[in-house]
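Remarks on the overall topology
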Amino acid sequence: MAPRILIAGLWHETNTFSPIATDLAAFRTYQWAEGEDLTSRYAGTNTEIGGMLKGAEAAGFQVVPGLFAGAIPSGTVTRSAFETLAERITDTVRSKQPDGILLALHGAMVADGIPDADATLARRVRDCAPSGVPIVATYDLHANISQSLVDACDLLIGYDTFPHTDMGARGEEAAAHLAAMLATGTRPAKVFRKLAMITVPQMQATAEPPMAAVMARVAQAEAVDGVDVVSVAQGFAYADVDHLGIAVTGYGSDPAAVTREVEAVAAAVEAARKGFLPVLVPVEEAVRVAAEPGIGPVVLVEPADNVGGGAPGDGTAILAEMVRRRVPGTIVIWDPSAVAAARGRQRFAGPVGGRTLPNLHGAPVEAEGMVVFDEAAVRYVRDGAYMTGQQVPMGDVAVVRTDFGLNIVLTGERVMPFDDTHLRRIGIDPAGEPALVAKSGSAWKIAFQAIARRAVVVDTGGVCASLVERLPYTRDAVRRCWPLSDIADRQSLAP
Ligand SMILES: [Zn+2]
């Protein structure tokens, strides 16, 4: 009889410095599918669940679809949201008693009072599953992996790409490993190596230095006999938790080979460390570049207000300078109240952005212009390489176009610029824009690198600061991590 495999998951990257609490509504708004809806919504998509469904079919599994819920990166998950979501998943495990379990996790979720929420969920699933049932989980490259998560699962597979494009492939691989465990009755040896290092999204792109060399070493490790999977979790810097930082996980039938290869990958990460130090350009200088006529699109990258890292996306430091210098282009600002003020009108004049963290992200900016787009509850289907096929909400949207040609895109939901679909959906052709502001670390590249004539990484304040010494960490374990432990490294490189 075909093995009955539960597919479920919980996906959140938690920025504990963000004041925007992540409640159940945030999951309901962003990603939520359960039972048959999970199958119909994610089959054929480039998501972990899409890949797991495809792999399950190839392995001849009978799929038991559970709950998959995801919220856009934001602040700490409320305790009641976590308990509700975890219970829905464990209830399914209890009632269906599956032969195997595939979990799509992020690996950097923090709930109120539960700093290692992914591990807590995996442990609860383990505790209510039939004894010995194999559990395979996927994790995002930005996971902060702990020993507890490694202990709770038989195998973990992380994304190998950033910007992320291999979610489907990793989900498919997870199903194949689960099938092998069920067929042989064996479990792979596990090796977990944590490094006391923090790196930031701006410097983590896997096709660029320093990570390209590390990923080449990962590929070499996975080609060794007796080694099945080696993944590098580069970690998510914006959480004040003891298990912060880079980790390498490895699995295979030959414990000595897995240990050796994981250690070699860890050594490659440590050897590359000075290459992870970010370089940033002051706002005035960056906007001056964008103001030069005829070189666009210039992408002004703002990692400190990285929506994909849980920042609000309403920071105004760049907007204020663009308005002051009258620089044309496009900037997306999360501001439900400005959207409400603009909708239904031909012209808008009023404050924009700066609502959440005015002391860190800039105060509201007075803006004025024609309302050139106005629509309620805008949704789109991602058609880029990131989570292809996933449906995402933008909320109500209004676009205010100033008399000097700056499109201020006001959104009711926070929007990650991981594809250009969100701009095309509202009538903006990014290739035709002189300047594009991307509130992102590296993931913007997937959408805009091909059209960017130039990209400038801008130094602004924010809860996703690339200079991690600016963040209010309290945990001793975090302070012991490089570069906080050794800030002289950075100072020696300062101009
Ligand atoms: Zn990620």
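Residues numbered from 1 in each chain as written. Predicted model: local features only at pLDDT ≥ 70, side-chain atom pairs only at ≥ 80, totals over all residues. Heavy atoms only, no water.

1. Things to note about the sheet that holds strand E3 (residues 62-70)
Worth spelling out the cut-off: Whether two strands pair comes down to DSSP finding at least two bridges between them. The way it works is that DSSP assigns letters per residue, a run of H or I at least four long becomes a helix, a run of E at least two long becomes a strand, and they are numbered from the N terminus. Here, axes are lines fitted to C-alpha atoms. For helices the fit covers the stretch in contact, and angles between N-to-C directions go from 0 to 180 degrees. Contacts are residue-level and defined by heavy atoms, with any inter-residue pair within 4.5 Å sufficient.
An order of E2-E3-E1-E4-E5-E6 is seen for the six strands of this open sheet, with the pairing classed as mixed. Where the open sheet ends on each side, the last strands, each with one partner, are strand E2 (31-34) and strand E6 (155-158). Across this sheet, the average inter-strand angle for adjacent strands is 15 degrees, counted without regard to direction. Here strand E4 (residues 100-105) pairs with strand E5 (residues 135-139) via four bridges, running parallel. Bridge pairing in E5 places Leu103 opposite Ala137. Each of strand E1 (4-11), E4 and E5 touches helix H5 (residues 117-128); the most contacted strand, E4, lies at about 165 degrees to it.

2. Overview of the sheet that holds strand E8 (residues 229-233)
With antiparallel pairing, the three strands of this open sheet are ordered in space as E7-E9-E8. Two strands bound the open sheet, and with one partner strand each, they are strand E7 (189-194) and E8. Sheet twist, expressed as the average angle between the axes of neighbouring strands with direction ignored, equals 10 degrees. With six bridges joining them, E7 and strand E9 (residues 247-252) adopt antiparallel strand pairing. By the bridge assignment, Phe192 is partnered in E9 with Thr249.

3. Notes on the domain arrangement of the chain
The condition is simple: Residue ranges labeled as domains rest on an automatic or database domain assignment. We define a salt bridge as a contact between a side-chain nitrogen of Lys or Arg and a carboxyl oxygen of Asp or Glu at a distance within 4 Å. For this analysis, a polar contact is any N or O atom pair within 3.5 Å, provided that within protein one partner can donate a hydrogen and the other can accept it, and provided that sequence-adjacent residues contribute only side-chain to side-chain pairs. Polar here means any residue other than Ala, Val, Leu, Ile, Met, Phe, Trp, Tyr, Cys and Pro, which are nonpolar, and Asp, Glu, Lys and Arg, which are charged; Gly is therefore polar.
The domain architecture assigned to the chain consists of domain 1 (4-276) and domain 2 (281-464). Computed over C-alpha atoms, the centres of domain 1 and domain 2 are 30 Å apart. Across the contact, 32 residues belong to domain 1 and 35 residues belong to domain 2. Counting across the domain 1 and domain 2 interface gives one salt bridge. Linking Lys445 and Glu208 is a salt bridge whose minimum nitrogen-to-oxygen distance equals 2.9 Å. Summed over the shared surface of domain 1 and domain 2, the result is 11 residue pairs in polar contact (both at pLDDT 80 or more). Of the residues belonging to the side of domain 1 that touches domain 2, the class tally is 16 nonpolar, 12 polar and four charged.

4. What about the coordination of the zinc ion?
When a metal holds four donors in a tetrahedron, each ideal angle between them is 109.5 degrees; when it holds six in an octahedron, the ideal angles are 90 or 180 degrees. Using the following cut-off: Here the coordinating atoms are restricted to nitrogen, oxygen and sulfur within 2.8 Å of the metal centre, or 3.2 Å for Na, K and Ca, and because water is not among them the sites may look incomplete. Key to geometry: four donors with every angle between 85 and 135 degrees are tetrahedral; four donors are square planar and six octahedral where opposite donors lie over 155 degrees apart and all remaining angles lie between 65 and 115; all other sites are irregular.
Every protein donor of the zinc ion is accounted for by Asp140 (OD), Asp140 (OD), His142 (ND1) and His164 (NE2), and the metal-donor separations fall at 2.1 to 2.7 Å. Each of the four donor atoms bound to the zinc ion contributes to angles spanning 53 to 145 degrees, and the resulting shape is irregular.

5. Re the nonpolar core
Using the following cut-off: Remark: nonpolar core denotes a set of buried residues (Ala, Val, Leu, Ile, Met, Phe, Trp, Tyr, Cys) joined through side-chain atoms within 4.5 Å. Burial classification: accessible surface area is computed with a 1.4 Å probe over protein chains only, and a residue below 20% of its type maximum counts as buried, one above 50% as exposed, and the rest as partly exposed.
Membership of the largest hydrophobic core comes to 98 residues, with the highest contact counts inside it found for Ile49, Phe82, Ile101, Leu102, Leu103, Ile145 and Leu156. For this core, the domains that each give at least three residues are domain 1 (4-276) and domain 2 (281-464). What Leu103 contacts, discounting residues up to four positions off in sequence, is Ala8, Met52, Ala122, Val125, Ile135, Val136, Ala137 and Thr138. Counting 45 residues, the second-largest nonpolar core is a separate cluster that includes Phe236, Val262, Val478 and Cys481.

6. Brief notes about the pairing of E8
A large share of E8 lies buried, amounting to five of its five residues. Looking at chain direction, E8 and E9 are connected through five bridges and run antiparallel. Its bridge partner lying in E9, Val229 is registered against Tyr251.

7. Concerning the pattern of salt bridges
Tallied over the entire structure, the rule returns 32 salt bridges. With its nearest N and O atoms 3.9 Å apart, the salt bridge here joins Asp37 to Arg41. Taken as a pair, Asp37 and Arg41 lie in helix H2 (residues 36-42) at a separation of four residues, close to a single helical turn. Of the residues examined, Asp37 reaches a relative accessible area of 33% and is grouped as partly exposed. A salt bridge links Glu321 to Arg324, with the nearest nitrogen and oxygen atoms 2.9 Å apart. Separated by three residues within a single helix, Glu321 and Arg324 lie in helix H11 (residues 317-325), roughly one turn from each other. Using a relative accessible area of 8% as the deciding quantity, one classes Glu321 as buried.

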